Amino acid sequence: MVPGQRKRKRQRQDASRRVTARTASGTGHWKVLLETQDASEWRSHLRRLRSAEEQIDWSMTRVDTLCGRLVQPTTYRLSLFVPGPEPASKPDVSGH
């Protein structure tokens, strides 16, 4: 075993448990920041977020890659966990 490997593994597991507890059901909701099927748009958006003056808490983000295979194109989704209750859905004002 490499020196320090056990300690690093334990630190990663502890961090994972803390994030899981912070994002538990009923403590908040996931807000989609970007959803695209364009891989270059995906990469450029991530670059802009990383270089932005106001940084987001990357430990509270979730990246989903929805593989469509032959039926649909691959979709990339970046979500940020927002603590607190989920906002109420807006009523339909279209009259339909």
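Scroll up a little and you will see the structure.
Residues numbered from 1 in each chain as written. Predicted model: local features only at pLDDT ≥ 70, side-chain atom pairs only at ≥ 80, totals over all residues. Heavy atoms only, no water.

(A) Region of interest: helix H2 (residues 39–51). Across its 13 residues, H2 extends 19 Å between first and last C-alpha, which sits within 8% of the 18 Å expected from 1.5 Å per residue. Along H2, the residues classified as buried are Trp42, His45, Leu46 and Leu49. Around the axis of H2, the buried residues are gathered within 100° of arc, so they sit on the same side. Exposed residues lying more than 90 degrees from the buried face of H2 are Arg47 and Ser51. On its buried face, H2 is in contact with strand E1 (28–36), strand E2 (61–66) and strand E3 (75–83). (Helix = DSSP H or I, 4+ residues; strand = E, 2+ residues; numbered from the N terminus. Expected span 1.5 Å × (residues − 1). Buried < 20%, exposed > 50% of the residue type's maximum accessible area, 1.4 Å probe, protein only. Arc of directions from axis to C-beta. Contact = heavy atoms within 4.5 Å.)

(B) A look at the pattern of salt bridges. On inspection of all chains with the given rule, the structure shows two salt bridges. A salt bridge links glutamate 35 to arginine 77; its shortest N-O distance comes to 2.9 Å. Separated by 42 residues along the polypeptide, glutamate 35 in strand E1 and arginine 77 in strand E3 bring together distant segments of the chain. The exposure class of glutamate 35 is partly exposed, given its relative accessible area of 45%. The partner of arginine 62 in a salt bridge is aspartate 64, and the shortest N-O contact between them spans 3.3 Å. Residue classification places arginine 62 among the partly exposed positions, given a relative accessible area of 32%. Judged by its relative accessible area of 17%, aspartate 64 is buried. (Salt bridge = Lys/Arg side-chain N within 4 Å of Asp/Glu carboxyl O.)

Geometric values such as these leave the question of function open.
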